[in-house]
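Structural features, examined
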Amino acid sequence: MKTTKRVCSLLFVIALMLTVVIIPASAAPTSDGRIIVDNADMFTDAQEAELESLAKELGEKQNCDIIVYTTTSLDGYSAQTYADYCHISGYNDNSVLLLICDNGEPGNRDYHISTHGDCINKLNDSELEDLKDDILPYLKSGDYYGASKEFINKSVEYMNPHLKWYMLPLAILIGFAIAMLIMSAIRKKLKTVEMQHGAREYVRAGSMNVTAARDTFLFTTVTKTAKPKNNSGSSTHSTGGSSFGGSGGKF
Amino acid sequence: MALHEYKCPCCGGAIAFDSTLQKMKCPYCDTEFEMESLRGYDADLKQEGSDNLDWHTDAGSQWTEHEENALRSYICNSCGGEIICDENTAATSCPFCDNPVVMMHQLKGSLKPDYVIPFKLDKKAAVEGLKKHLTGKFLLPKIFKDENHLDEVKGVYVPFWLFDADADADLRYRATRVRTWSDSNYNYTETSHFSIYRAGGIAYDHVPVDGSTRMPDDLMESVEPFNFGEAVDFQTAYLAGYLADKYDVDADQSVARANERVKESTVDAFRETIKGYATVTPEATNVRLHNGKTKYALYPVWLLNTTYKDEKYTFAMNGQTGKFVGNLPTDWGKFWRFGALFTVIASALIYGGMWLWQLL
């Protein structure tokens, strides 16, 4: 019992170390451009300052700019094109940008996340979807500050290697299933009494002869399944000659 | 009723079959006798045995009719004690003087077995067998070894029906073959279905079926196989010193089980001639048996009864090959403790693997 406990705690320590080791430490300077551009005046000055320091601190660790851009009109462009244009000028080559456009028509307001440079690879399509799911509730309730803060925090989290929340319970579930298979295999040794299958031991040696053997082909069925999509990086498009990734929607 | 005891021609003591020597041996004067030489002696004794021992088993009137029919009582030739046993007991030992006795009456006429496989392993080997059976069992409660006490160890000649048969089989199986390939967008799986026909013959010798209802069928099938090559023509002398039952399930009732096993094996054997398929499932199986022959034989089995926490556990050992069987209790505390440990180890490995996959 004592040794069991000891082994358990040792394993937990190993698991903890695994999670600590994977956070890489790299520091590099970013460009001087303003990274919180509040054209729509959605934030108070204090909020703006807070977002800026948060985005700057986290962005330096990732060697990229994290930009929040607010506006009241897209000036006739699509949200994607508008967002892509936003972070062309004066930022680090690697950047991720959240565009929030509040035109005063609930249900028809636009938001868009645009990635550029290394950030295209660091945030793949499914991570972008997760990011959208994270910020959409804030946007819908009109909490733009909350949405921006969530965007900054979560985009950095998703750029780091991470596992989805359900991976741990899933691992435990699979682990439990494997453990039960092992234990029942061990328990099977205790059961030695059962009716026998067949009478193999009593076949007269060499008495078996096959007088007829026919293998007839009947028919064929074909099923096709879509290939799983490549997991690294997001799908890209080109705006103004350079390449962008990203995703957006209405709220 | 006639009761038989093998008297030592030397000293008059009761003699028994010795499994190590494969001979009869007198425990009092150590004289050994060949089985063959006892054949004549046996015949003489049978004639002597026709004494007029006319006594009444139904003297007491309180027995119910069923009990009366099921019980037999004998007078021990050595000490005069009364031996009471049931109608299926063919050999036992006297409870008063412990001399081995054979109930000749039970073995007469149509009940005489064709073959017997003599015991090759003795009581010591059976107790040793139990000890070995209890080692190396990880989930067996530790105290089982110390706390279970051996209630009874007995060598029993168990009646078996042996079936010989030639089987003719017409078998149809459904089989599939799978091919996979892929292009840039899809993975394709092509399954080809086949109908497979096989016909032929296969023969079986001495498929045994337990002929005694007192012996659990699964226990008796589990100590199989017996090596029929060592079977000898039946002589009552082999029974001396052991218990013996006579059959109470007749051959006609037993043949169903033999058919079942023969059919299973036939389907399996022809299944093995079908190669190169991903799946093979029997669709129609037609097995006909002919030239069926039935033999009646006694096979040697050691039975051991133990008690642990007021529950009885029965073990059986093949008296010829030493194969030892018997279900054992599980230590559930240990089961869940180690289940939890393995869960932690496996989960940690899987979760670690997920991280590794994410990092690479």
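Residues numbered from 1 in each chain as written. Chains lettered and ligands numbered in written order. Predicted model: local features only at pLDDT ≥ 70, side-chain atom pairs only at ≥ 80, totals over all residues.

1. Here we look at the environment of Ala179 of chain A
- Position of Ala179 of chain A among the secondary structure elements: in helix H7 (residues 167-187).
- For Ala179 of chain A, a count of 21 C-beta atoms within 10 Å translates into the label buried.
- Ignoring anything within four residues of it in the chain, the contact list for Ala179 of chain A reads Gly339, Phe342, Thr343 and Ala346 of chain B. (Helix = DSSP H or I, 4+ residues; strand = E, 2+ residues; numbered from the N terminus. Buried ≥ 20, exposed ≤ 12 C-beta atoms within 10 Å, placed from the backbone. Contact = placed C-beta atoms within 7 Å.)

2. Observations concerning the sheet that holds strand S3 (residues 95-101) of chain A
Residues and elements named next belong to chain A.
- Read across the sheet, six strands follow the order S1-S2-S3-S4-S7-S6 without closing on themselves; strand pairing throughout is mixed. Looking at strand neighbours, the two that pair on one side only are strand S1 (36-38) and strand S6 (236-239), the edges of this open sheet. Sheet twist, expressed as the mean angle between neighbouring strand axes with direction ignored, is 25°.
- Pairing geometry for strand S2 (residues 65-71) and S3, over seven bridges, is parallel. In the sheet register, Thr70 faces S3, and the bridge partner there is Ile100.
- Relative to the sheet, helix H3 (residues 79-86) contacts S2, S3, strand S4 (110-116), S6 and strand S7 (242-250), its axis offset from that of S3 by approximately 130°.
- Packed onto the sheet, helix H5 (residues 125-140) meets S4 and S7 and runs at close to 40° relative to S7. (Pairing = 2+ DSSP bridges. Axes fitted to C-alpha atoms, helices over the stretch in contact; angles between N-to-C directions.)

3. Remarks on the confidence of the model for chain B
- Taken over all residues, the pLDDT of chain B has a mean of 81, while the share at 70 or more is 85%.
- Low pLDDT, under 50, characterises residues 49-61 of chain B; the stretch is placed with 10 contacts to residues that sit more than four places away or in other chains. (pLDDT = per-residue confidence, 0-100.)

4. Re the interface of chain B and chain A
- On the chain A side, the residues contacting the 66 residues of chain B number 61 residues.
- Here the residues of the side of chain B that touches chain A sort into 32 nonpolar, 22 polar and 12 charged.
- Relative to strand S10 (residues 186-210) of chain B, strand S5 (residues 209-226) of chain A is paired through 16 bridges, and the arrangement is antiparallel. In the strand pairing of S10 of chain B, Thr220 of chain A is matched with Ser192 of chain B. (Nonpolar A, V, L, I, M, F, W, Y, C, P; charged D, E, K, R; others polar.)

5. Some details on the sheet that holds strand S3 (residues 32-33) of chain B
Residues and elements named next belong to chain B.
- Ordered in space as S1-S2-S3, the three strands form an open sheet in which the pairing is antiparallel. The open sheet terminates on both sides in strands that have one partner only, identified here as strand S1 (16-18) and S3.
- Here two bridges tie strand S2 (residues 23-25) to S3, and the two strands are oriented antiparallel to one another. Bridge pairing links Met24 to Phe33 in S3.

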